[in-house]
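# Chains, contacts and geometry: an overview
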Amino acid sequence: MTERVKLERDGDVALIIIDNPPINAGSAEVRTGLLAAIREFQDDPQLRSAVLIGAGATFIAGSDLREFGQPLQEPQLPAVIEAIERCGKPVVAALHGAALGGGFELALGCDARIARSGTMVGLPEVTLGIVPGAGGTQRLPRIVGIPRAIRFICTGERLNCEQAFMVGLIDEITSSDLRSAAVAHARRLRGKRLLRDLPVPGVTEADVESAADEARKAGKNRPAVLAAVEAIRYAAILPFDDALVRERAAFQVLRVSPEAQALRHLFFAERNASKFPQLAGVKPRQVGHLAIIGAGTMGSGIAIAALDGDLNVTLLEQEVGALQRGVDRIREHYARRVAAGKVNAETAANCEFRLRATTDWNVLADADLVIEAVFEDIAVKREVFARLDGIAKPGAILASNTSYLDVDLIAAATSRPRDVLGLHFFSPANVMRLVEVVRGAVTAPDVVLTGLEVVKRLGKLPVVTGNAFGFVGNRIFSAYRRHCEFMLEEGALPEQVDAALEAFGFAMGPFAVADLSGLDIAWRIRQSRAATLDTAARYVRIPDLLCEAGRLGRKTGSGYYLYEGDARKSRGRVDSFVHELLISASADKNIVRRTFGADEIQLRALLAMANEAALLLAQGVVQRASDVDVVLVNGYGFPRWEGGPVFWARQRGSKTLQAELDWLERVSGAGFVQGDPRHLFEEGS
Ligand code: NAI
């Protein structure tokens, strides 16, 4: 054995214990230990059956992802599973915590599976740009059938053990001691009961095709999804061992693909993002009661997220009508979730029970954390914070959901700026995972830490940022959009820019986004900042001209595009008014319009993002380069499989990137500030 795997005996049952904290990741050392243990079990005539079990809090919760980027070390997982299959005696997988990826494939290679209640199982490989490579695509369909296996693997779905039991992936659930229940289960088994020996349940080709179609569409035809669909279909047409060889070959090709590298980068980036090493040793404050000021779009979304996170929530409004609309939005949300079978009625009722709606500010005296989500106006926000300062209890944390405003200026309206921070949620706040945790100049460390902890408690992804205009996400997105406006002025059309960036993988192009969120938001920001702007800098008037023409986007039926019928649903149509406006805007500046190809549009837009990221890193607004990727992917529709703007920039290599940023500077004109690309290659703490 190795240090990571031990063999213990319970009479005639071998207990093979995997001990690789913290998550028992399936590393080379674990696999070596497993092989040795299985051989010892096989060779010992006293042992009639075995139990595979994890020490600590979980079974194998995944593979060691770092291994996937390197030449794979022997023994590989398929060899371990083959040893289990060939050992001649039954082996039971005893699951608790999580059995994911290679961990669940190992369990599927055993003769039976028993789980402690609360266990989750899944094959999330596709979300990392690969396919299950140790028989998952072949053994799973032998239990659940090909269509269900396609859905399960292609979405990276996780099942709790009750769901897994219902479909036959788990044979027994126990709420008592897992080890003794598994030993008892193993003693009951007579001989091998391998999944490889089962036939694949027959289904119609139409059912398979419809599941495949659905998966390809939902998975945006990404290579891992296509390969997974193909591999699962082999289960019905190829001998088991031939299909395993094909599955492994697909896995080997995909694991070193740029897409899998990008997704692994994000996996680690997201895991690191919520860590803030400067806070080691700091203790968070207790938060049980959250109050939210403002029951609009954001306030009600944050309330839902907090209710789902088991907090008591007070929602406060300035007038009864707005309060009622907010409460109705929350109730409708839960009614929809119950109707769709996503939550049970009891859970929904419990959430609504924990919501208190009020117009009485005195109630805020009880709150441990108050999140302000009123209009984006510094005077209104300062007034709200000054009033809050007179009511909130000592030690309460006061947060603003502002998108752009100066958190220090807001904090200065109180007598306790150390207790103030920004918690910038994204819309819809109950769905979007990203939250920027904005540190003010004097925000206390335990306030930042509590912000991080609360965000995590809501199941969200916090990224700590400094207090700079637009923080990280809006700042980079503005630079990107501004650069796309430069291209409009030079000859590109909004539909060409949008199409090029959608082809790159953005959920929506920047001008479609602008129409959706309303052109007036950025217009108001530009007006409020007019005095501080560099007058010599290049300024594109096109969005202002659209606003002046009353074209504020979807809400007015036109913006960069024309919307007919129900503007919320209609697909924007190209509008000759906009084309004429562009021609005259270019003529006003004596710019000779020229054509743009998709490659140039993508390159310039992405370089603009990378450049702004380098500036933010230099200014310390963001502590790690990879945090930028977490923000852009999770909040701004940057394609996950491209890894984020920093990952994208790194792929270009430092020399090329430097030359390209010099070119970006030339084409951007006056006012462009070039960032130092070396920051993009540093990991940060
Ligand atoms: P909204 O207009 O939907 O809601 C604001 C609510 O605040 C209104 O119901 C209003 O009655 C209430 N309110 C205004 N003054 C108040 C006061 N003195 N006391 C109590 N309630 C008051 O606005 P939305 O979209 O929810 O935005 C709120 C904040 O969230 C803004 O700072 C905005 O920049 C920020 N934000 C908005 C996002 C979005 O996509 N809508 C995304 C991220 C942040």
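Residues numbered from 1 in each chain as written. Predicted model: local features only at pLDDT ≥ 70, side-chain atom pairs only at ≥ 80, totals over all residues. Heavy atoms only, no water.

Here we come to the packing of helix 19 (residues 473-490) against helix 21 (residues 510-517). Where helix 19 contacts helix 21, the axes come no closer than 10 Å and their chain directions differ by 115°. On the basis of their axis angle, the class for helix 19 and helix 21 is roughly perpendicular. Between helix 19 and helix 21 lies a crossing whose hand is left-handed. Listed contacts from helix 21 to Phe477, Tyr480, Arg481, Cys484, Glu485 and Leu488 of helix 19 are Pro510, Phe511, Val513 and Ala514. (Axes fitted to C-alpha atoms, helices over the stretch in contact; angles between N-to-C directions. Helix = DSSP H or I, 4+ residues; strand = E, 2+ residues; numbered from the N terminus. Parallel < 35°, antiparallel > 145°, perpendicular 65-115°, else oblique. Left-handed = near helix turned anticlockwise from the far one by under 90°. Contact = heavy atoms within 4.5 Å.)

Turning our attention to helix 27 (residues 645-652). Among the eight residues that make up helix 27, six are buried, leaving the element largely enclosed by the rest of the structure. Among all positions of helix 27, only Pro645, Val646, Phe647, Trp648, Ala649 and Arg650 are buried. Here the buried face of helix 27 lies against helix 12 (258-273), helix 20 (494-504), helix 25 (598-618), helix 26 (625-635) and helix 28 (654-668). (Buried < 20%, exposed > 50% of the residue type's maximum accessible area, 1.4 Å probe, protein only.)

What follows is about the domain arrangement of the chain. The assigned domain composition of the chain is domain 1 (5-256), domain 2 (285-467) and domain 3 (474-681). Averaged C-alpha coordinates put domain 1 and domain 2 at centres separated by 42 Å. (Domains from an automatic or database assignment.)

This paragraph deals with the packing of aromatic side chains. Each pair of aromatic rings is reported with the distance of its centres and the angle of its planes. As enumerated under the stated definition, the model contains 11 aromatic pairs in all. Ring centres of phenylalanine 504 and phenylalanine 506 lie 6.0 Å apart, and the angle between their planes is 40°; on these two criteria the pair is classed as tilted. For the pair phenylalanine 504 and phenylalanine 506, one class covers both residues: buried. Aromatic ring contacts, followed pair by pair, group Phe426, Phe477, Tyr480, Phe504, Phe506, Tyr636 and Phe638 into a single cluster. Lying over the aromatic face of phenylalanine 469, arginine 529 brings its terminal NZ or CZ to 3.5 Å of the ring centre. Geometry around phenylalanine 596 places arginine 594 over its ring, the cationic atom sitting 4.1 Å from the centre. (Phe/Tyr/Trp six-rings, centres within 6.5 Å; stacked < 30°, edge-to-face > 60°. Lys NZ or Arg CZ within 6 Å of the ring centre and 35° of its normal.)

Another point: the state of the cysteines. Taken as a whole and judged by the stated rule, the model has zero disulfides. Free cysteine: cysteine 161, not disulfide-bonded; nearest cysteine sulfur from cysteine 110 at 17 Å. Judged by relative accessible area, which is 0%, cysteine 161 ranks as buried. (Disulfide = S-S within 2.5 Å.)

In the structure shown here, the tally under the stated rule is 52 salt bridges. Linking arginine 196 and aspartate 241 is a salt bridge whose minimum nitrogen-to-oxygen distance equals 3.1 Å. Of this pair, arginine 196 sits in the loop between helix 8 (178-188) and helix 9 (205-218) while aspartate 241 sits in helix 11 (residues 240-255), and the two are 45 residues apart along the sequence. Judged by relative accessible area, which is 22%, arginine 196 ranks as partly exposed. Glutamate 489 is the partner of arginine 538 in a salt bridge, and the nearest nitrogen-oxygen pair spans 3.1 Å. Note that arginine 538 is positioned in the loop between helix 22 (519-529) and helix 23 (542-548) and glutamate 489 in helix 19, a separation of 49 residues in sequence. Comparing arginine 538 with glutamate 489, the two get one shared label, buried. (Salt bridge = Lys/Arg side-chain N within 4 Å of Asp/Glu carboxyl O.)

Time to look at the pairing of strand 14 (residues 397-400). Judged by which residues are buried, strand 14 turns out to be covered on both faces: Ile397 and Ala399 on one side and Leu398 and Ser400 on the other are all buried. With four bridges joining them, strand 13 (residues 369-372) and strand 14 adopt parallel strand pairing. From the neighbouring strand, glutamate 372 faces strand 14, where its bridge partner is serine 400. Handedness of the β-α-β unit built from strand 13, helix 16 (residues 378-391) and strand 14 comes out right-handed. (Pairing = 2+ DSSP bridges. Right-handed = clockwise from strand over helix to strand, strands pointing away.)

Quick look at the sheet that holds strand 5 (residues 98-100) now. An order of 5-7-8 is seen for the three strands of this open sheet, with the pairing classed as mixed. Two strands bound the open sheet, and with one partner strand each, they are strand 5 and strand 8 (158-160). Geometrically, the sheet is characterised by an average inter-axis angle of 15° between neighbouring strands, direction not taken into account. As paired elements, strand 5 and strand 7 (residues 120-122) share three bridges and run parallel to each other.

It is worth spelling out the environment of leucine 603 at this point. Position of leucine 603 relative to the elements: it lies in helix 25. Among the residues examined, leucine 603 registers a relative accessible area of 18% and is labelled buried. Distance from leucine 603 to glutamate 660, taken between C-alpha atoms, is 8.9 Å for residues 57 residues apart in sequence. Setting aside residues no more than four positions away along its own chain, leucine 603 makes contact with Trp648, Arg652, Glu660 and Trp663.

With that settled, the discussion passes to the pairing of strand 2 (residues 13-18). Burial within strand 2 is extensive, with six of its six residues counted as buried. Burial of the side chains of strand 2 extends over both faces: Val13, Leu15 and Ile17 are buried on one face and Ala14, Ile16 and Ile18 on the other. By the bridge criterion, six bridges tie strand 1 (residues 5-10) to strand 2 in an arrangement that is antiparallel. Of the residues in strand 2, the one forming a bridge with leucine 7 is isoleucine 16. Between the antiparallel neighbours strand 1 and strand 2 lie two residues, among them glycine 11 with a positive phi of about 65°.

Turning next to the site of the ligand. Around the ligand, a shell composed of 20 residues is seen, among which Met298, Glu317, Glu376, Lys381 and Ser403 lie nearest. In the model, an oxygen atom of the ligand is placed 3.3 Å from a nitrogen or oxygen of the valine 374 main chain. Computed on the free molecule, the ligand has an accessible area of 840 Å², of which 78% lies beneath the protein chains in the complex. Those elements giving two or more residues to the shell around the ligand turn out to be helix 13 (297-308), helix 16 and strand 15 (420-425). Residue composition of the shell around the ligand, grouped by class: eight nonpolar, nine polar and three charged. (Near = heavy atom within 4 Å. Polar contact = N/O pair within 3.5 Å; in protein donor to acceptor, adjacent residues only side chain to side chain. Areas by Shrake-Rupley, 256 points an atom, 1.4 Å probe, with all protein chains shown as cover. Nonpolar A, V, L, I, M, F, W, Y, C, P; charged D, E, K, R; others polar.)

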